[in-house]
Amino acid sequence: MKKKNWSLLAMLLVLVLALAACSGDKDEKSKKDDSSGGSKDVPEKVDSSKFPLAVDNKDEAIKGGTLQVALVAESPFKGIFLQELSDDAYDSEIMNYANNSIFDTKEDFLLSDKGIASLNVDAENNKATVTIRKDVKWSDGEPLTIDDVIFPYEIIGHKDYTGVRYDGDFKNIVGAAEYHSGKAKTISGLKKIDDYTLEISFKKVSPAIYNGGDGLWGYAQPKHYLKDVPVKDLVKSDKIRKAPVTLGAFKFDKIVNGESVQFVANENYWRGKPKIDKVVLTSVPSTQIVEALKAGKYDMASSIRATAFDSIKDLKNLTILGRPELSYSYMGFKLGKLNKKSGENETDPNAKMNDIPLRQAIAYAMDIEQVTDVYYNGLKSRANSLIPPVFSAFYDDTLEGFKYDPEKAKKLLDDAGYKDVDGDGIREDKNGKKFELKLAAMQGDDKTEAIIQFYLQNFKDVGLNVVLTTGRLIEFNSFYDKVKADDKEIDMFMGAWSTGTNPSPSGIYAHDAEFNFSRFTSPELDKLLSDIDSPEAVDVDFRSKAFRDWQVYMAEQTSVFPIFYSIEIVPVNKRVKNYDINYVDPVQMQDWELTAEEPMK
């Protein structure tokens, strides 16, 4: 690894000095010189394949008890507890305990028939039949019927809908567009057969439907409880913010907005009343979580950062579980705006970032590999495509992605006309004018600032003046508010996507996807996304090639580029029994148990 001399990083803490004064060859990565003349150990990479997926607790269980869960978050959760309206990772984690999902999944994240609902697809006639169990009740004791399965479609398709789920996938349902425009009072493609059966007609059926795509919606909502709330008012209704009615193992009991949620066992849960009496989720900043786990305040922590691993790995009161995440982090570039009236993304040919060589230069300038070495213990790795490796059928490990190459970045900028005209080490734009790029990045733990400053120095090393939007890292909710609003102060932004169990990228990158935050569209992109979810894609080889073609195209265009893949680490207190994080056939929540009255210290 070549020696680097960066004056900006020399002003940071020892953690970042390990990055700033790196020396030694590739076979000697265990030491990094720091500016004090000493040396700094670089953490050894963790063999993530050795993480267990389940706790091994053979102690006798107590009766009942309260599970204490830390929701590791830098911002208060929003408290929008309705899947059709929520687009927030924290709210989603909370809702998992009272989940309204009607489908379970099996191998390759395909829908199974072990959940509340089963799916039968008639691909030849572009139809699917959803059948629900007859023994399921809501948390208030009312029976689940097929009307509750239809109701979410009516929410998403409504002309007053305020969420982000009305997209190209949803429009694939026959009659959805007409209902949304007000031309029809119902969605014609939804046919109620009886109280437990729904037939859905689609414009097309592709393999995506077996992962919950093509417009199929995977949640139910209690029509008897919510039907009198106008769709436009749902997001602020107490019925979803203070007293949701749900289907999951636990039901909402007390909500302190932004701070904590208490659940109690749902005696009406269709799989049986849980063995644990209560679950309490409390929002905890990442700066406090290590000490809290060590002190035995919590049984587990969600969304704990990889940078905390060294601090918790040797704690005797914990078992550390791990699995590949269904997610990736990325850098995005603002290339246009969302037309809110039409719901279409519109790429601006005159956007500052609408220059492929500039975007690619930024990608090559980032020394992601070194950040993974110093900060992440091998729990994160440089991503080479926008498909996480956990989707093994479609992930292509032969793609190179953007390896750190500052000389290549400089040449791209030189050839594109970004030159240092005045000799100050910073490039001007193609017209010889001052050129500044504004980067939006989220607040994080105590290492986040150092990592972002390191990247800013990476950009400076190739002659780009990149500064932070607002001059500082941005609070989580404010960050996404600005990104979704296409804030003029954002040229580029660092975000992360949780993909869910459907690998199709249409919901994030289609021309009518509100989640397409870069606002990049093109006929070629439309075609590639269409191929992935086409009827022809029932042929596995065809779909695999379609996924590869899309990945290659996105790398060529670089409207976004991936940064990291991650290993999710889940610390679990040793009083927890019958708990695992398997994606396939995990132990269900009603069977979780505790073996002591309080978390172990």
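This text follows the structure it describes.
Small disclaimer: the values here were computed from a predicted structure and weren't measured. Each chain carries its own residue numbering, running from 1 in the direction its sequence is written. Restriction of local features to residues with pLDDT of at least 70 applies here, the model being predicted, together with a cutoff of 80 or more for giving and counting side-chain atom pairs; totals for whole chains, interfaces and linings are based on all residues. Calculated side-chain values reflect all of the structure's heavy atoms, with hydrogen atoms and water omitted.

A. Here's a closer look at the side chain of Glu199. Secondary structure is summarised from DSSP: a helix means a run of H or I of at least four residues, a strand means a run of E of at least two, and numbering begins at the N terminus for each. Tracing the chain through its elements places Glu199 in strand β7 (residues 197-201). The buried label applies to any residue whose accessible area, calculated with a 1.4 Å probe on protein chains only, is under 20% of its type's maximum; exposed applies above 50%, and partly exposed to all values in between. Glu199 sits in the buried class, given a relative accessible area of 19%. With near-sequence residues (within four places) excluded, Glu199 lies in contact with Lys127, Ala128, Thr129, Gly189, Leu190, Lys191 and Ile193. Between two residues, a contact is recorded if the distance between any of their heavy atoms is within 4.5 Å.

B. Spotlight on the packing of aromatic side chains. Ring pairs are drawn from Phe, Tyr and Trp, using the six-membered ring of Trp, whenever the two centres fall within 6.5 Å, and their geometry is named by plane angle: stacked under 30 degrees, edge-to-face over 60, tilted for the rest. Counting across every chain of the model gives 33 aromatic pairs. Aromatic side chains Phe81 and Phe252 sit 4.9 Å apart centroid to centroid with 35 degrees between the ring planes, which places their arrangement in the tilted category. Taken together, the positions of Phe81 in the loop between β3 (66-72) and α2 (89-95) and Phe252 in strand β8 (residues 250-256) put the pair 171 residues apart, joining distant regions of the chain. For the pair Phe81 and Phe252, a shared accessibility class is recorded, and that class is buried. Ring centres of Tyr269 and Trp270 lie 6.3 Å apart, and the angle between their planes is 65 degrees; on these two criteria the pair is classed as edge-to-face. What makes Tyr269 buried here is its relative accessible area of 10%. Feature note: the residues Tyr90, Tyr328, Tyr330, Phe476, Phe479, Tyr480, Phe493, Trp497, Phe515 and Phe517 constitute an aromatic cluster, connected by ring pairs.

C. View of the side chain of Asp104. Examined against the element boundaries, Asp104 turns out to sit in the loop between α2 and β4 (117-122). A polar contact of 2.5 Å, which involves the side chain of Asp104, links it to the side chain of Arg271. Here a polar contact means two N or O atoms within 3.5 Å. Within protein one must be a hydrogen donor candidate and the other an acceptor candidate, and residues neighboring in sequence count only if both atoms are side-chain atoms.

D. Main features of the sheet that holds β4. Strands sit in the order β4-β5-β7-β6 across an open sheet of four strands; the sheet is antiparallel. Every other strand in the sheet has two partners, leaving β4 and β6 (190-194) as the edge strands with one partner each. Recorded for the sheet is a direction-independent mean angle of 20 degrees between the axes of neighbouring strands. For two strands to be treated as a pair, DSSP must find no fewer than two bridges joining them. In this structure, β4 lies alongside strand β5 (residues 127-132), joined through six bridges in antiparallel fashion. Directly across from Ser118, in β5, lies its bridge partner Thr131. Note on definitions: angles span 0 to 180 degrees between N-to-C directions of axes, and those axes are lines fitted to C-alpha atoms, for helices only across the stretch in contact.

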